[in-house]
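A structural walkthrough
Chain by chain, the residues run as shown.
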Amino acid sequence: FDLNNLAQALKASGRHSEAEPLMRHVLEIRITVYGLNHPETAVAHNNLAALYLATGGAPEAEAGFRRALAIDEHVFGSGHSSVGRDLSNLAQAVKALGRYDEAEDLMRKALSIKARTNGDSHPEFAIGLNNLAQLLKLMDRLDEAEPILRTALEILLKGLVATGHQHPNLLPVVNNYISLELKRSGSEEQAIEKAREVMEPFGVSL
């Protein structure tokens, strides 16, 4: 546990070359202790794959995420929240490899699971919507991306109003929405105004 925490801390501080051997060691330990097909082993595969993705190793990341997905589907079944997480992770690796149609399919499957397990007003669902909208923007499907990203923003704004606490993804989603509207309209002023129109009904100013 402490070794994994150290590896995560090193990754968070950008010391990826130091984190990688520790994550590999954590994976080896979990395989030894839990076996090849245990959820804790899947988590270790996910963590190592995420490090690969962050350092430009998308093919290695894809392999690790696929292994985690196979474990969790075997253990939990295809509709479990862990499977939704794995599909989301795999989608990011596939996206990085330029396979956008496949990434979209994976993201939509993950969203379907998240809607069933967490509900369609949960921040995790909003993050999934944001990721899908960013992919659609990359594919130049801007008019499809806008309502999806707006819904993600509204979910996080509702959470802010309900709890009084700002989700850490709120500001990035606001910025993503402005960036999308800027690409759609070509006008920074219009893009900011569109974001204001979404935020002001929740009592939040830009």
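Summarised in this report is the structure supplied together with it. (Residues numbered from 1 in each chain as written. Predicted model: local features only at pLDDT ≥ 70, side-chain atom pairs only at ≥ 80, totals over all residues. Heavy atoms only, no water.)

1. Examining the side chain of E181
In this structure, E181 sits in helix α9 (residues 170-185). With residues near it in sequence (within four places) discarded, E181 still touches E146, G186, A191 and K194. (Helix = DSSP H or I, 4+ residues; strand = E, 2+ residues; numbered from the N terminus. Contact = heavy atoms within 4.5 Å.)

2. Here we look at the nonpolar core
Judged by nonpolar contacts, the single largest core of 55 residues is most densely connected at L87, L129, L153, L157 and L170. The leading source of residues in this core is helix α8 (residues 142-163), at ten residues. With near-sequence residues (within four places) excluded, L129 lies in contact with L111, I148, T151, A152 and I155. (Core = buried A, V, L, I, M, F, W, Y, C linked by side-chain atoms within 4.5 Å. Buried < 20%, exposed > 50% of the residue type's maximum accessible area, 1.4 Å probe, protein only.)

3. Some remarks on the pattern of salt bridges
Under the defined criterion, the tally for this structure stands at 18 salt bridges. With its nearest N and O atoms 2.9 Å apart, the salt bridge here joins R66 to E62. One end of the pair is R66 and the other is E62, both in helix α4 (residues 58-76) and four residues apart, which spans about a single turn. Residue E62 is classed as buried on the basis of its relative accessible area, which comes to 12%. (Salt bridge = Lys/Arg side-chain N within 4 Å of Asp/Glu carboxyl O.)

4. Concerning the packing of helix α1 (residues 2-12) against helix α2 (residues 16-34)
The N-to-C vectors of α1 and α2 enclose an angle of 155°; their axes lie 8 Å apart at closest approach. Taken together, the axis directions place α1 and α2 in an arrangement best described as roughly antiparallel. The interaxial crossing formed by α1 with α2 has left-handed handedness. Of α2, the residues touching α1 (which contributes L3, N4, L6, A7, Q8, L10 and K11) are H16, E18, A19, L22, M23, H25, V26, I29 and R30. Its residues assigned to classes, the contact of α1 with α2 comprises nine nonpolar, four polar and three charged. (Axes fitted to C-alpha atoms, helices over the stretch in contact; angles between N-to-C directions. Parallel < 35°, antiparallel > 145°, perpendicular 65-115°, else oblique. Left-handed = near helix turned anticlockwise from the far one by under 90°. Nonpolar A, V, L, I, M, F, W, Y, C, P; charged D, E, K, R; others polar.)

5. Quick look at a nonpolar patch on the surface
Residues I29, V33 and Y34 make up a contiguous nonpolar surface patch of roughly 280 Å² in combined accessible area. In this structure, I29 sits in helix α2. You can call I29 partly exposed: its relative accessible area is 37%. (Patch = residues over 30% accessible without salt bridge, like charges linked within 9 Å, V, L, I, M, F, W, Y side chains within 5 Å. Areas by Shrake-Rupley, 256 points an atom, 1.4 Å probe, with all protein chains shown as cover.)

6. Some details on the environment of T151
Positionally, T151 belongs in helix α8. Exposure remark for T151: the relative accessible area of 33% places this residue in the partly exposed category. For the pair formed by T151 and N130, sequence separation is 21 residues and the distance between their alpha carbons is 8.7 Å.

7. Structural notes on unusual backbone geometry
The backbone of D140 shows a phi angle near 65°, a positive value even though the residue is not glycine. Summarising the element assignment, D140 is placed in the loop between α7 (123-138) and α8. A residue is classified by how much of its surface remains accessible, and D140, at 54% relative accessible area, is exposed.

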